[in-house]
Amino acid sequence: MPSCKKCLSENVVKNGLVRGKQRYKCAECAHNFVEGDQRTNEGVIAKKAMCTLLYSLSKASYTMLAKIFDTWPSLVYRWIVQAGAQLPDTEISGEIQEMEFDEMWHFVGSKKTSFGSSKPLTVAHGELWPGCSAIVILQPSKDSMIKSST
């Protein structure tokens, strides 16, 4: 007898035929399944691997990858999530001194007073605890007054 595809239990019983194949039911989790999977073949496995590789090496979107490999963006998303779940947990070294988030370094330490649409910014820098900095960049609300330099 095969093991359950969902919970990997060996406690399964026969549960009829589906499209000419023997169906099994898990006694532990009540999951119905058939042996083998006709939807997965070498071509699909190669597509999964290539999608995962292209996604991890560049900024390829799910939609673009779906167009390249003639599939659905939701399927590409599931492939990427599945590949990510198989990766080991990362360990972060305690020796990290500096970290960059989403190109915020453009504003920190510079004398820029505006961005994009020429709106002024307020930059606040603080130390949360020794060795951990926090930088907050705020844009004034429409109701705030701006001090003129003239």
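The model shown is predicted, which means the values in this text are computed figures rather than measured ones.

A. Quick look at the environment of Met1. Of note, Met1 is situated in the segment before β1 (12–18). On the basis of relative accessible area, Met1 is assigned to the exposed category, the value being 61%. Along the backbone, Met1 and Asn11 are 10 residues apart, and their C-alpha atoms lie at a distance of 8.7 Å. If we ignore the near neighbours within four places in the chain, the residues touching Met1 are Glu10, Val12, Val13, Lys14 and Tyr24.

B. Local environment of a nonpolar patch on the surface. Taken together, the side chains of Met50, Leu53, Leu54 and Leu57 make up a nonpolar region of the molecular surface, amounting to roughly 360 Å² of accessible area. Topologically, Met50 is positioned in helix α1 (residues 42–57). With a relative accessible area of 37%, Met50 lands in the partly exposed category.

C. Summary view of the sheet that holds strand β3 (residues 32–34). The strand order across the open sheet formed by three strands is β1-β2-β3, and the pairing between neighbours is antiparallel. A strand with exactly one partner marks an edge of an open sheet, and here the two such strands are β1 and β3. Within this sheet the neighbouring strands show an average axis-to-axis angle of 35 degrees, counted without direction. By the bridge criterion, three bridges tie strand β2 (residues 21–26) to β3 in an arrangement that is antiparallel. Within the sheet, the bridge partner assigned to Arg23 lies in β3 and is Val34.

D. Inspection of unusual backbone geometry at higher detail. Even without glycine at this site, Leu8 takes up a positive phi of about 65 degrees. Assignment of secondary structure puts Leu8 in the segment before β1. Positioned with a positive phi, Ala30 is a non-glycine residue whose angle comes to about 65 degrees. On the accessibility criterion, Ala30 (45% relative accessible area) is partly exposed.

E. View of the packing of α1 against helix α3 (residues 73–85). Between α1 and α3, the shortest axis-to-axis distance is 9 Å and the interhelical angle comes to 75 degrees. Relative to α3, α1 is oriented roughly perpendicular. Of the residues in α3, those touching α1 at Val44, Lys47, Lys48, Cys51, Thr52 and Tyr55 are Val76, Trp79, Ile80, Gln82 and Ala83. Here the contact of α1 with α3 is built from residues that sort into seven nonpolar, two polar and two charged.

F. Inspection of the confidence of the model for the protein chain at higher detail. Here the protein chain averages 79 in pLDDT, and 73% of its residues register 70 or above. Predicted confidence in the protein chain is weakest over strand β4 (residues 114–115), with a mean pLDDT of 54, and strongest over helix α2 (residues 62–68), with 93.

G. Region of the structure containing the packing of aromatic side chains. Using the criterion set out here, one finds three aromatic pairs in the structure. Arranged with centres 5.3 Å apart and planes meeting at 15 degrees, the rings of Tyr55 and Tyr62 form a pair that is stacked. Since its relative accessible area comes to 26%, Tyr62 is described here as partly exposed.

Reading guide: rules and limits
Residues numbered from 1 in each chain as written. Predicted model: local features only at pLDDT ≥ 70, side-chain atom pairs only at ≥ 80, totals over all residues. Heavy atoms only, no water. Helix = DSSP H or I, 4+ residues; strand = E, 2+ residues; numbered from the N terminus. Buried < 20%, exposed > 50% of the residue type's maximum accessible area, 1.4 Å probe, protein only. Contact = heavy atoms within 4.5 Å. Patch = residues over 30% accessible without salt bridge, like charges linked within 9 Å, V, L, I, M, F, W, Y side chains within 5 Å. Areas by Shrake-Rupley, 256 points an atom, 1.4 Å probe, with all protein chains shown as cover. Salt bridge = Lys/Arg side-chain N within 4 Å of Asp/Glu carboxyl O. Pairing = 2+ DSSP bridges. Axes fitted to C-alpha atoms, helices over the stretch in contact; angles between N-to-C directions. Parallel < 35°, antiparallel > 145°, perpendicular 65-115°, else oblique. Nonpolar A, V, L, I, M, F, W, Y, C, P; charged D, E, K, R; others polar. pLDDT = per-residue confidence, 0-100. Phe/Tyr/Trp six-rings, centres within 6.5 Å; stacked < 30°, edge-to-face > 60°.

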